[in-house]
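Coordinate analysis (summary)
Each chain, letter by letter, is given below.
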Amino acid sequence: MKVRAATEADLPAILEIYNASIATTSTWSERVQTMAERQAWFSVRSAKGDGVVVAEDAGVVVGFAAYGDFRDTDHWPGYRFTVENTVHVRDGHFGQGIGRTLMEALIDHAAANGKHSMIAAVDGENDGSVTFHESLGFEVVGRLPELGWKFEHWLDLVLLQRMLD
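Residues numbered from 1 in each chain as written. Predicted model: local features only at pLDDT ≥ 70, side-chain atom pairs only at ≥ 80, totals over all residues. Heavy atoms only, no water.

1. A look at the sheet that holds strand β5 (residues 117–123)
To be explicit about the condition: In this scheme, strands are said to pair when DSSP sees at least two bridges between them. Note on conventions: DSSP H or I runs of at least 4 residues are helices, E runs of at least 2 residues are strands, and numbering of each starts at the N terminus. Here, axes are lines fitted to C-alpha atoms. For helices the fit covers the stretch in contact, and angles between N-to-C directions go from 0 to 180 degrees. Between two residues, a contact is recorded if the distance between any of their heavy atoms is within 4.5 Å.
Ordered in space as β1-β2-β3-β4-β5-β7-β6, the 7 strands form an open sheet in which the pairing is mixed. Because the sheet does not close on itself, it has two edges, and the strands there are β1 (2–5) and β6 (139–150). For this sheet the average axis-to-axis angle between neighbouring strands, irrespective of direction, equals 25 degrees. For β5 and strand β7 (residues 153–163), the ladder comprises 7 bridges, and the chain directions are antiparallel. Looking at the pairing, Ile 119 lines up with Gln 161 of β7. Packed on one face of the sheet, helix α1 (residues 11–20) meets β2 (52–57), β3 (60–69) and β4 (82–89) and runs near 80 degrees to β3. Along the sheet, helix α2 (residues 35–48) contacts β2 and β3; its crossing angle with β3, the most-contacted strand, is approximately 60 degrees.

2. Things to note about helix α3 (residues 98–112)
The periodicity of an α-helix, 3.6 residues per turn, causes residues three or four places apart in sequence to face the same way. What counts is decided by this rule: The length a helix should cover is 1.5 Å for every residue beyond the first. Burial classification: accessible surface area is computed with a 1.4 Å probe over protein chains only, and a residue below 20% of its type maximum counts as buried, one above 50% as exposed, and the rest as partly exposed. Arc definition: directions from the helix axis to the C-beta atoms.
With 15 residues, α3 extends 21 Å from end C-alpha to end C-alpha; this agrees with the ideal 21 Å at 1.5 Å per step. Considered for burial, the residues of α3 that qualify are Ile 98, Gly 99, Leu 102, Met 103, Leu 106, Ile 107 and Ala 110. Down the axis of α3, the smallest arc covering the buried residues is 155 degrees, so these residues share one side. In α3, the exposed residues that point more than 90 degrees away from the buried face are Asp 108 and Ala 112.

3. So, the packing of α1 against α2
To be explicit about the condition: Here roughly perpendicular refers to angles of 65 to 115 degrees, roughly parallel to angles under 35, roughly antiparallel to angles over 145, and oblique to all remaining angles. Gly falls in the polar group here, along with every residue not listed as nonpolar (Ala, Val, Leu, Ile, Met, Phe, Trp, Tyr, Cys, Pro) or charged (Asp, Glu, Lys, Arg).
Closest axis-to-axis distance for the α1/α2 pair is 10 Å, and the angle between their directions is 110 degrees. Taken together, the axes of α1 and α2 lie roughly perpendicular to each other. Along the contact surface, α1 presents Leu 11, Pro 12, Ile 14, Leu 15 and Tyr 18, while α2 presents Met 35, Arg 38, Gln 39, Trp 41 and Phe 42. Residue composition of the contact of α1 with α2, grouped by class: 8 nonpolar, 1 polar and 1 charged.

4. Section: the pattern of salt bridges
Definition in use: Within this document, salt bridges are pairs made up of a side-chain nitrogen of Lys or Arg and a carboxyl oxygen of Asp or Glu, the two lying within 4 Å of each other.
Using the criterion set out here, one finds 6 salt bridges in the structure. Among the ionic pairs, Arg 4 bridges to Asp 10, the shortest N-O distance being 2.8 Å. Across the pair, exposure class does not vary: Arg 4 and Asp 10 are buried alike. Taking the shortest distance from any N to any O, the salt bridge between Glu 37 and Arg 31 comes out at 2.5 Å. Residue Glu 37 is classed as partly exposed on the basis of its relative accessible area of 26%. Since its relative accessible area comes to 51%, Arg 31 is described here as exposed. A single network of salt bridges, built from pairs that share partners, joins Arg 4, Asp 10 and Glu 56.

This is the structure:
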């Protein structure tokens, strides 16, 4: 497996992996994204120098991770040193260390870019994701009850934080 910076050529695979996650609470989106939306997402991250990395196995993208602003730093520049991560692994490739390798690369990228902390926002019922982030040095710093709505019920949001410097 190889982890590298994502390119525009990776967007179809990134879109496919992301859209597959909509059937779960790993993302709170309720509709599939279009390629145009994913291209816009990638353009914003690229313009800001934010990290977007992919894991590739035998020429196939099997996962991606990215970070972006935690809050709107154009309006609230005090947040500019804090980022929020996302990490997704292709179905059928869980438990192989792909997510960990992606996150380690992403954390390194954020630290090298002068970021101070990284936030993970996780569905409160996703104990596996909480444990995964804790194994990477994140600490639970808050729980926001009934913050989101998906699949006809309220979802809690757990916030985890890792200091980067």
